[in-house]
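Here are the chains, one letter per residue:
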Amino acid sequence: MAFTDEVVAQAFTRSGGRCECSRAACPHSGRCAKTFAKGDRARSDETGWQANHRTASSVREDDSLSNCEILCVPCHKRTGTYGRS
């Protein structure tokens, strides 16, 4: 499953152009400080941001806004489900 463009746009607006990660597994304290423009969306292993399922789609098929978070690529790679469908 994948997020619609509308859900991703709403999540990006909610994020304020900033990575929403606050995971303990990441090297930052609290919320990640990385910021980006809407046009910086990474489509592969690049810098920029990506939309991530808070709860993996393999666990729960939920492509709603509440399950979508905007992450910088380094934080996304640390989620443990990066690159899985």
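To be clear, the structure that these remarks concern was listed above.
This structure is a prediction, so every number in the text was calculated from the model and none was measured. (Residues numbered from 1 in each chain as written. Predicted model: local features only at pLDDT ≥ 70, side-chain atom pairs only at ≥ 80, totals over all residues. Heavy atoms only, no water.)

### Thoughts on the packing of aromatic side chains
So, point 1. For the structure on display, the rule yields three aromatic pairs.
So, point 2. Cluster of aromatic residues (ring-pair linked, three or more members): Phe 12, Phe 36 and Trp 49. (Phe/Tyr/Trp six-rings, centres within 6.5 Å; stacked < 30°, edge-to-face > 60°.)

### Observations concerning the side chain of Glu 69
So, point 1. Structurally, Glu 69 can be placed in strand β2 (residues 68-72).
So, point 2. Relative accessible area serves as the criterion here: at 3%, Glu 69 is assigned to the buried category.
So, point 3. In terms of polar contacts, Glu 69 uses its side chain to reach the side chain of Arg 23, at 2.4 Å.
So, point 4. A polar atom in the side chain of Glu 69 sits 2.8 Å from the side chain of Asn 52. (Helix = DSSP H or I, 4+ residues; strand = E, 2+ residues; numbered from the N terminus. Buried < 20%, exposed > 50% of the residue type's maximum accessible area, 1.4 Å probe, protein only. Polar contact = N/O pair within 3.5 Å; in protein donor to acceptor, adjacent residues only side chain to side chain.)

### What about the side chain of His 76?
So, point 1. Along the chain, His 76 turns up in helix α2 (residues 73-77).
So, point 2. Given a relative accessible area of 10%, His 76 falls into the buried group.
So, point 3. Within the local environment of His 76, its side chain forms a polar contact with the side chain of Gln 50, the two groups lying 2.5 Å apart.
So, point 4. Residues in contact with His 76, not counting those within four places in the same chain, are Gln 50, Ala 51, Asn 52, Leu 71 and Tyr 82. (Contact = heavy atoms within 4.5 Å.)

### Structural notes on helix α1 (residues 5-15)
So, point 1. Here α1 has its buried residues at Val 7, Val 8, Ala 11, Phe 12 and Ser 15. Around the axis of α1, the buried residues are gathered within 135° of arc, so they sit on the same side. Set apart from the buried face of α1 by more than 90 degrees, the exposed residues are Asp 5, Glu 6 and Thr 13.
So, point 2. In the core, the buried residues of α1 are packed alongside β1 (49-53) and β2.
So, point 3. Within two residues after α1, Gly 16 carries a phi angle of roughly 70°, on the positive side. (Arc of directions from axis to C-beta.)

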